[in-house]
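Summary of structural features
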Amino acid sequence: MLAKSKPKKLRIHSGSHFHPFHAEEARIDRLRWFDHWLKNNDTGIMDEPPVKLQIRTGGNLKGYPFRYENEWPLARTQWTKYHLHIEREASDKKDAIEGSLVASPAKTLSKATYPGAAATRPGKAPRGISFVTPPMEKDTEVTGPIVLKLWVSSTNEDMDIFATIRNIDADGKDVCEIGQQEDEIACVTKGWLRASHRKLDKEKSTPYRPYHAHDERQWLKDGEIVECDVEIWPTSMVFKKGHKIRLDIGPVDGIGSLYFSHFHADYNQGALNTVYSGGDKESYLLLPIIPPIVQRLCVEGSGAKVKCFSSAASRSTSSTMPGCTRANRCSKFSSTIRFRYFEKSRTMATLQAWPARLVPAPRARIGALNFRAMATVAMTSASVFGTTRPIGNWR
């Protein structure tokens, strides 16, 4: 986000470490980007809003649709604090809940202490403490960067803070997503911070994204309470009505880390770590709540249907999309505009970068494509880009 270049795009997807990058939809996006800037081809990619997000709704292991936005974080974000209410001391039980996440801060100071001891056997690690929200009263979208503000102390000179956010359904079970190795993990997103690195860069930090300086180590003193701003990686999840948001805080990677967990015995072994909340020690989870927007249906001149969104909070002066009959932002870009790209990219050299099955070789001539071949490629890609019906009967 600190890139100085003005023309830039942000694309956020989900899934494993490999498949989202090599999916046809992703490859086409990259091809259009490079053809625009390296070949001066009018691919239409710079006519689209600059941000493309995959909006997760929970539990769909086959993927989620994308949505276009005009900025990051989203301008209509409602930054909402969920305060930590500590209600009991830490427990070593796997599913224990030590407190709740609520709208109002606690008036009196409470604390919960947990050990920073190393694992005694494989699969047995210290769990720390956990908090949950009340059941969601309606579908609630959380999209953007997240901050965990904590007041902590330790009996040792340093303290590792690992935070995990989970999606708990109405039956109390985790809603799983695709992990880094294409397996199911019970994790929405994670964040980390070593307490001695809590110093912030005041110029670069924002209320929703702490920027740590990492230029010195501020060691802890036994029993000293310090303020830590933990950056939790940006995410997107729609927590369904009746679901709960769970926050786990511990001295080691929590659920969803699989084999790649972290633990530093140098200062964690034998330490007791404490989290405080209430009174003048306000510990909270800052979530980017996205209000719902009104959905409308827009019909393109070519006959292709695309979904459009209209919201006073989300409109911008540059939100009108080419080919759209309404002055509001289209969530699915017109396949008619997509076709314009294929029509101008006639050389086989361009199409060699495409997935083989998108290029109808029997109809392609060396050096050029006939019109039917171009239309076939365009219609094939229409489903990749999410139009609700083919672009028409091209002859």
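Residues numbered from 1 in each chain as written. Predicted model: local features only at pLDDT ≥ 70, side-chain atom pairs only at ≥ 80, totals over all residues. Heavy atoms only, no water.

Section: the pattern of salt bridges
Where we set the bar: What counts as a salt bridge is simple: a side-chain nitrogen of Lys or Arg found within 4 Å of a carboxyl oxygen of Asp or Glu. Under the scheme used here, helices are H or I runs from DSSP no shorter than 4 residues and strands are E runs no shorter than 2 residues, and both carry numbers assigned from the N terminus. Throughout, exposure labels follow a simple rule: accessible area from a 1.4 Å probe, protein chains only, divided by the maximum for the residue type, with under 20% read as buried, over 50% as exposed, and the rest as partly exposed.
Taken as a whole and assessed by the stated rule, the structure comprises 25 salt bridges. Between Lys149 and Asp229 there is a salt bridge, with the nearest N and O atoms lying 2.8 Å from each other. Of this pair, Lys149 sits in strand β8 (residues 140–154) while Asp229 sits in strand β13 (residues 226–239); the two residues are 80 residues apart in sequence, bridging distant segments of the chain. The class of Lys149 is buried, set by a relative accessible area of 11%. A single salt-bridge network, built from bridges that share partners, covers Arg11, Glu25, Asp29, Arg32, Glu48 and Lys52.

Observations concerning empty space enclosed by the protein
Rules: Only protein atoms enter the 1 Å grid, on which a cavity is a set of points fitting a 1.4 Å probe that cannot get out and a pocket is an open set with protein on both sides within 12 Å along at least 5 of 7 lines, lining residues being those with an atom within 4 Å of a point. Grid points are joined across faces, edges and corners, and a volume is the space filled by probe spheres set on the points. Gly is put with the polar residues, along with every residue not named as nonpolar or charged; the nonpolar set is Ala, Val, Leu, Ile, Met, Phe, Trp, Tyr, Cys and Pro, and the charged set is Asp, Glu, Lys and Arg.
This structure, assessed with the given rule, holds one cavity of 30 Å³ or more. In this structure, the largest cavity spans a volume of roughly 30 Å³. Taken together, His83, Leu84, Pro105, Ala106, Ser277, Gly278, Lys281, Glu282 and Ser283 form the lining of the largest cavity. Looking at side-chain class alone, the lining of the largest cavity contains three nonpolar, four polar and two charged residues.

What about the nonpolar core?
To keep it simple, the criterion reads: Only buried residues count toward a nonpolar core, which is a set of Ala, Val, Leu, Ile, Met, Phe, Trp, Tyr and Cys residues joined through side-chain atoms within 4.5 Å. For this analysis, residues touch if any pair of their heavy atoms sits within 4.5 Å.
Counting 35 residues, the largest nonpolar core has Leu148, Ile249 and Leu285 as the members making the most contacts within it. Where this core is concerned, the elements lending two or more residues are β4 (78–86), β6 (110–115), β7 (129–132), β8, β9 (160–168), β13, β14 (244–250) and β16 (284–290). Sorting elements by how many residues they give to this core places β13 first, with six residues. Not counting residues up to four positions away in its chain, the partners in contact with Leu148 are Leu84, Ala163, Cys228, Asp229, Val230, Ile232, Leu247, Ile249, Tyr284 and Leu285. Counting residues in each nonpolar core, the second largest holds seven residues, with Val51, Ile55, Leu74 and Val238 among its members.

A short note on the pairing of β4
Test applied: Being paired, for any two strands, means DSSP has found at least two bridges between them.
Pairing of β4 with β16 involves six bridges; the strand directions are antiparallel. Each residue of the ladder has a partner; that of Tyr82, found in β16, is Leu285. Both β4 and strand β5 (residues 99–102) contribute to a ladder of four bridges, which runs antiparallel. Residue pairing for β5: Ile86 is matched across the bridge by Gly99.

Looking at the environment of Glu98
Residue placement: Glu98 occurs in the loop between β4 and β5. Glu98 gets classed as buried once you look at its relative accessible area, which sits at 1%. As for Glu98 and Arg88, which are separated by ten residues in sequence, their C-alpha atoms are 5.2 Å apart.

Considering the sheet that holds strand β2 (residues 51–54)
For clarity, the cut-off: Axis geometry follows a simple rule: fit a line to the C-alpha atoms, using only the stretch in contact for helices, then measure angles between N-to-C directions, giving values from 0 to 180 degrees.
Across the sheet, three strands lie side by side as β1-β2-β3; this open sheet has mixed pairing. Pairing within the sheet leaves two strands with one partner each, and these edge strands are β1 (10–12) and β3 (66–69). Neighbour-to-neighbour, the strand axes of the sheet open up by a mean angle of 15°, direction not taken into account. Two strands pair when backbone bridges link them, and β1 and β2 are joined in this way by three bridges, in the parallel orientation. Bridge pairing in β2 places Ile12 opposite Leu53. Contacting β1, β2 and β3, helix α2 (residues 24–38) crosses the sheet at an angle of about 175° to β1.

Some remarks on unusual backbone geometry
Note that the residue after Trp72, namely Pro73, is joined by a cis bond; omega there is -5°. In this fold, Pro73 is placed in the loop between β3 and β4. One non-glycine residue, His214, lies in positive phi territory at about 55°. Within the element layout of this structure, His214 appears in the loop between β12 (189–194) and β13. The exposed category is assigned to His214, whose relative accessible area is 53%.

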